[in-house]
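Fold and contact review
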Amino acid sequence: MATPPAGAEPGTATAGPARSDLEGQDPVRLVRVQLTGADMLDKVAAAGFDLEHGLRRVPAGIEGRAVVTAAQIAELTAMGVEILGDDEGFVWSDEADGGLRNSGARYAQPAAAAQATVRVVRADWFTTKGQGFLYVEARTTEGQQADPVVGMQVENNSGRGTPFDFARTMSRFVDSGQYMFHRDLFKLDKRPSQIRVTSSTGGVAVGDVSDWLEDAPPPLTENQGYRYDFVDGYRTPQQLYARAHEIARQYPQIAEIIYLPNRTNGYQRKAQATIGGTGESAVVVSSAAWGHEGGNDVTVEFVDRSEADLPLGVEVNGTAVRVLLATDAAGAPASTATEVAAALESGSRGLVDRAHPYRTNAGTGIVAPTSGPVALTDFLDQKRVGAPEGEVPRGPATIPVLRIGKHRDGRKPGVLIQAQDHAREWVPATTSLESAERLVHNYKTDRETKKIVDNTDVFFILSNNPDGANYSFYNFASQRRNMTNHCPDANADPARRNSWGVDLNRNYRVGSGHDGYSGASTSCVSDTFQGPEKLSEPEAKNIIWLVERYSNIKFMMSVHSNGGQLFWQPGAYIADGRITTPRPPLGDEAFYWQSAARILSQVKAHRETVVTPENVGGSSDVLYSSAGNVREDLYHTYGIYAFGWEVGGSVYNPATGNWQGGSFQPPWDGDPALVSGHAETMEYANGIMEMFRVAAEWGQDRKDPTSRLLPGGGKYSGPVDVRFETNEPATIYYTTDGSRPTLQSPRYEATEFREPGQVFHVTETTTFKWFSVDAAGNVEQNYDPTKKHGRDRYRTATVTIR
């Protein structure tokens, strides 16, 4: 089913004279915005504004896109948010501006007694569609300094033996008040071999340039006879689940269905009406029954009576509720909104569950008679423009998991692919389905696919938010959350219906907003609403049930769109002081980077889409803090390598020389070189297939890692700098006090986040004892760190300072 993109949303739906007028349900549109930083992002999200995933860090703060009404644009402006025009916003400069000398900015200058330190974090060369780029991150120990700030410039050579030239001023990156690093991204026609970074206070560092995604092996799609391109359009949850069941029936030797135990709260709503406008005399009425179970049959009428001094009363005839308004001595209506609401709740014989004044009104206004009965409705029959044909099953849904693997008995490493936590993200679902199709169709004919299926146990959740996804397809394309309404009366009227629901990726337990972490909201109408408590939602409970029931799950990919990022932990921080959740050990961090390079190389192989290094790493470092996300819970609670993937994002357009952004629902058959749902599905399915290969190799890894101390033990005439090196991603445990190293010994850490391992400055004779453990759990030299006695097969080196 090919579906047009979510552009035009329905305006105020006119339900006819028998339905209430929905004020405030204005059409929405997409606008580009600039925020001053993470603090403003939190405030805007907490206020209920719908910010897209396409956020990016820029020197002046954060740029993104907001789905808003005309009235909300004025609210954003009042909050200090800048609304950007089509041609406004930050663009990396490709021109060498002469660096610090010619920038014209006021920077901190060298201090006579100061020892400035600069480190090159990374320098990555990559190409896309015939154009070369260099991305640089560097850090100064004086980066936190403000007024004036410390400036940085980068120069590059043009290959080995050529001088440094082309000085460029670097952008300073600050998040939640904390200095992160300086960075730059620019075009180059020739690959440099080195860069030189200089700070305004006199620090200098030289670093080698590395390749990023430049030497990828051919994708599986180039194997002879390999079958792919199975998905021909966007799929509703019903279509996704039907195909999952069909795959299990067609390939019973390698596939089956698991049903998650917690049913969703359902594609269903209580029938409602707001009667009497939005002023003090307005009354919001909600049915006791779900709309499809009888709530849509209920009518409410406010009846005028001409006699004087009559009491307020309620009559019920079948599903028709008549409120007989009280009158005063002159025979005029005398019932307030508060009184009418109370009468409806007590006298409707169970037809009305909830009645109250409009939003925060006191309900002191006198209620006017209606011109006739007003029909309550759940509004789910009001389809958006471009909605698919057919009706959506109402009521709670059971989510199936498509499990694919030759050995589905827990012996092989499990990989969980979870798509569409966020309802409006349609491409992740098609990407996941395409990956499943490739596995079953190529199992008997492609050797590499057979290796994957024989050596992994894959769990596909093709849509983890079927209620919200159906609402996105059929009613409101920009829906992000599930459909559960946790709102109290102030936000429970039907004009708020597109703002209800819980952000499922804020509903988990580790780094939660309930514990003070940033990036989730307590507002029930915010797009990042965390829910009333941790794991309040059945969709989140199901994920925990799955990984606890199937403990062989060791890898997880939560597939989202459309930011063009691949990230992992840490994913959240406490804003005051920017205190992140625990960072992975250096060995896990290296394994994440190694896996990311493999995965993203396969994405690039399809049409040269490059996820740039600035968009890879800990999500709170490259994107923003997202409190209570699933990745954090699965990694820290269960030891699962848990990735988050924002498919889509910016694609380089050689015709314009610029990067062009995507959307949640790009045209399926859009320009295959630029914005296309079909192209994104194919390229990111390549990446998921590579993740399966990573997991299969991890499960077969029986080789111990090796490590060494550089420059090594020996005699030195003065202080010396030493560091550890491993032959593969591995975590090192070490001691320097003569004791035997164990798993409780200090871990070898990074110099700072996104940097290599720390350097020890040794000033006196020191003996290092250590061992390494790789990502698969293999211990160097088969050493057993848990035993107090036995063969001491750890490594040792003594650095003697004369």
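All values derive from a computational prediction rather than experimental measurement. (Residues numbered from 1 in each chain as written. Predicted model: local features only at pLDDT ≥ 70, side-chain atom pairs only at ≥ 80, totals over all residues. Heavy atoms only, no water.)

1. Looking at the state of the cysteines
Working definition: the covalent bond between the sulfur atoms of two cysteines is a disulfide. Tallied over the full model, the rule gives 1 disulfide. Covalently, Cys487 is tied to Cys524 through a disulfide, its sulfur atoms 2.1 Å apart. One disulfide, between Cys487 and Cys524, carries an S-S torsion of 115° and so falls in the right-handed class. With a gap of 37 residues between them, Cys487 in the loop between α7 (466-474) and α8 (538-549) and Cys524 in the loop between α7 and α8 connect regions that are remote in the sequence. Residues Cys487 and Cys524 agree in their burial class; the two are buried. (Disulfide = S-S within 2.5 Å. Helix = DSSP H or I, 4+ residues; strand = E, 2+ residues; numbered from the N terminus. Buried < 20%, exposed > 50% of the residue type's maximum accessible area, 1.4 Å probe, protein only.)

2. What to know about the packing of helix α9 (residues 586-607) against helix α12 (residues 677-700)
Remark: α9 packs on α12, axes separated minimally by 8 Å, with the N-to-C direction vectors making an angle of 145°. Along this stretch, α9 crosses α12, giving a crossing that reads as right-handed. The residue inventory of the contact of α9 with α12, partitioned by class, reads 9 nonpolar, 5 polar and 7 charged. (Axes fitted to C-alpha atoms, helices over the stretch in contact; angles between N-to-C directions. Left-handed = near helix turned anticlockwise from the far one by under 90°. Nonpolar A, V, L, I, M, F, W, Y, C, P; charged D, E, K, R; others polar.)

3. Section: the pattern of salt bridges
Considering all chains together, one arrives at 47 salt bridges under this definition. Residue Asp94 is joined to Lys187 by a salt bridge in which the shortest nitrogen-to-oxygen separation is 3.5 Å. Of this pair, Asp94 sits in the loop between β5 (82-84) and β6 (118-128) while Lys187 sits in strand β11 (residues 178-188), placing them 93 residues apart in sequence. Asp457 is the salt-bridge partner of Arg403, the closest N and O atoms lying 2.6 Å from each other. Of the two residues, Arg403 is situated in strand β23 (residues 400-404) and Asp457 in strand β25 (residues 457-461); the sequence distance between them amounts to 54 residues. For the pair Arg403 and Asp457, one class covers both residues: buried. Three or more residues joined by partner-sharing salt bridges are found here, namely Glu448, Lys451, Arg598, Glu690, Arg693 and Glu697. (Salt bridge = Lys/Arg side-chain N within 4 Å of Asp/Glu carboxyl O.)

4. Comments concerning the environment of Trp500
By the element assignment, Trp500 lies in the loop between α7 and α8. Judged by relative accessible area, which is 2%, Trp500 ranks as buried. Between the C-alpha atoms of Trp500 and Asn485, which are 15 residues apart in sequence, the distance is 5.3 Å. From its side chain, Trp500 meets the backbone oxygen of Asn491 in a polar contact 2.8 Å long. (Polar contact = N/O pair within 3.5 Å; in protein donor to acceptor, adjacent residues only side chain to side chain.)

5. Some details on the side chain of Arg693
Locating Arg693 in the fold gives a position in helix α12. Setting aside residues up to four positions removed in sequence, Arg693 forms contacts with Leu220, Glu448, Ile452 and Arg598. (Contact = heavy atoms within 4.5 Å.)

6. With respect to the sheet that holds strand β21 (residues 352-357)
The strand order β16-β17-β21 describes an open sheet built from 3 strands, whose pairing is antiparallel. Taken across any chain shown, the strands that pair with only one partner, and hence form the sheet edges, are β16 (270-275) and β21. Between one strand and the next, the sheet's axes are offset by a mean angle of 15°, whatever the strand orientation. As judged from the 5 bridges shared by β16 and strand β17 (residues 283-290), these two strands associate in the antiparallel manner. Residue pairing for β17: Gln272 is matched across the bridge by Ser286. Helix α4 (residues 337-347) rests against β17 and β21 of the sheet, and its axis sits at about 175° to β21. (Pairing = 2+ DSSP bridges.)

7. A few points about the pairing of β17
In the sheet, β17 pairs with β21 via 5 bridges, with the strands oriented antiparallel. Among the inter-strand pairings, Val285 is bridged to a residue of β21, identified as Ala355.

8. Some remarks on the environment of Trp545
Mapped onto the secondary structure, Trp545 falls in helix α8. Those residues in contact with Trp545 that sit more than four places away from it in its chain are Ile258, Tyr259, Leu260, Pro261 and Tyr550.

9. Looking at the packing of aromatic side chains
The way to describe two aromatic rings as a pair is by their centre distance and the angle between their planes. Scanning the entire structure with this criterion turns up 38 aromatic pairs. Arranged with centres 6.3 Å apart and planes meeting at 80°, the rings of Trp545 and Tyr550 form a pair that is edge-to-face. On the basis of relative accessibility, which here comes to 23%, the residue Trp545 falls in the partly exposed class. Here the aromatic cluster, defined as three or more aromatic residues joined through ring pairs, consists of Trp212, Phe555, Trp568, Phe591, Tyr592, Trp593, Tyr635, Tyr641, Phe643 and Trp698. Against the face of Tyr471 rests Arg269, its NZ or CZ located 4.9 Å from the ring centre. (Phe/Tyr/Trp six-rings, centres within 6.5 Å; stacked < 30°, edge-to-face > 60°. Lys NZ or Arg CZ within 6 Å of the ring centre and 35° of its normal.)

10. With respect to the pairing of strand β10 (residues 171-175)
Burial along β10 is one-sided: the face carrying Ser171, Phe173 and Asp175 is buried and the face carrying Arg172 and Val174 is not. The pairing of β10 with β11 spans 5 bridges and is antiparallel. Following the sheet pairing, Val174 is matched in β11 by Tyr179.

11. What about a negative patch on the surface?
Residues Glu82, Asp86, Asp87 and Glu88 make up a contiguous surface patch of negative charge. Looking at the secondary structure, you find Glu82 in strand β5. Owing to a relative accessible area of 40%, Glu82 belongs among the partly exposed residues under this scheme. (Patch = residues over 30% accessible without salt bridge, like charges linked within 9 Å, V, L, I, M, F, W, Y side chains within 5 Å. Areas by Shrake-Rupley, 256 points an atom, 1.4 Å probe, with all protein chains shown as cover. Lys, Arg positive; Asp, Glu negative; His and termini not counted. Charge placed at Lys NZ, Arg CZ, Asp CG, Glu CD.)

12. Considering the sheet that holds strand β36 (residues 730-735)
The 4 strands lie next to each other as β34-β39-β38-β36, forming an open sheet whose pairing is mixed. Each edge of the open sheet is held by one strand with a lone partner, namely β34 (714-716) and β36. The mean angle between the axes of side-by-side strands here comes to 25°, regardless of whether they run parallel or antiparallel. Relative to strand β39 (residues 795-801), strand β38 (residues 766-774) is paired through 5 bridges, and the arrangement is antiparallel. Within β39, the residue paired with Trp770 across the bridge is Arg795.

13. A short note on α7
For α7, the buried fraction is high: 9 of the 9 residues fall into the buried class. Inspection of α7 places Pro466, Asp467, Gly468, Ala469, Asn470, Tyr471, Ser472, Phe473 and Tyr474 among the buried residues, and these make up the whole buried set.

14. A word on the nonpolar core
Within the largest apolar cluster, 103 residues are counted, with the highest numbers of intra-cluster contacts made by Leu416, Phe460, Leu634, Trp645 and Phe692. With 8 residues, α12 is the single largest residue contributor to this core. Residue contacts for Leu416: discarding those within four places in its chain leaves Phe459, Ile461, Ile543, Leu546, Val547, Ile553, Phe555, Met556, Met557 and Leu634. Listed in part, the 22 residues of the second largest apolar core include Ile275, Val323, Val367 and Val374. (Core = buried A, V, L, I, M, F, W, Y, C linked by side-chain atoms within 4.5 Å.)

15. Considering the side chain of Thr336
Residue position: Thr336 is located in the loop between β20 (320-324) and α4. Classification of Thr336 as buried rests on a relative accessible area of 15%.

16. Section: helix α1 (residues 38-46)
What α1 keeps buried is the set Ala38, Met40, Leu41, Val44 and Ala45. Summarising the axial view, the buried residues of α1 lie within an arc of 155°, below the 170-degree limit, and thus occupy one face. Phi for Gly48, located one or two positions after α1, is positive at around 100°. (Arc of directions from axis to C-beta.)

17. Things to note about the confidence of the model for the protein
Should the pLDDT be low somewhere, the predicted coordinates at that spot are not to be read in detail. Chain-level statistics for the protein give a pLDDT mean of 92 and a share of 95% at 70 or above. Low pLDDT, under 50, characterises residues 1-24; the predicted model gives this stretch 60 contacts beyond four residues in sequence or across chains. (pLDDT = per-residue confidence, 0-100.)

18. Thoughts on the packing of helix α3 (residues 237-250) against helix α5 (residues 427-442)
At a minimum axis separation of 11 Å, α3 and α5 run at an interaxial angle of 10°. Relative to α5, the element α3 lies roughly parallel. Contacts between α3 and α5 pair Leu240, Arg243 and Ile247 from the former with Ala429, Leu433, Glu437, Val440 and His441 from the latter. Across the contact of α3 with α5, the residue classes tally to 5 nonpolar, 1 polar and 2 charged. (Parallel < 35°, antiparallel > 145°, perpendicular 65-115°, else oblique.)

19. Side note on unusual backbone geometry
Residue Pro570 is bonded to the preceding Gln569 through a cis peptide linkage, with omega at 0°. Looking at the secondary structure, you find Pro570 in the loop between β26 (553-568) and β27 (573-574). Non-glycine residue Leu213 carries a positive phi angle of around 60°. For Leu213, the position within the fold is in the loop between β14 (210-211) and α3. Residue Leu213 is classed as buried on the basis of its relative accessible area of 7%.

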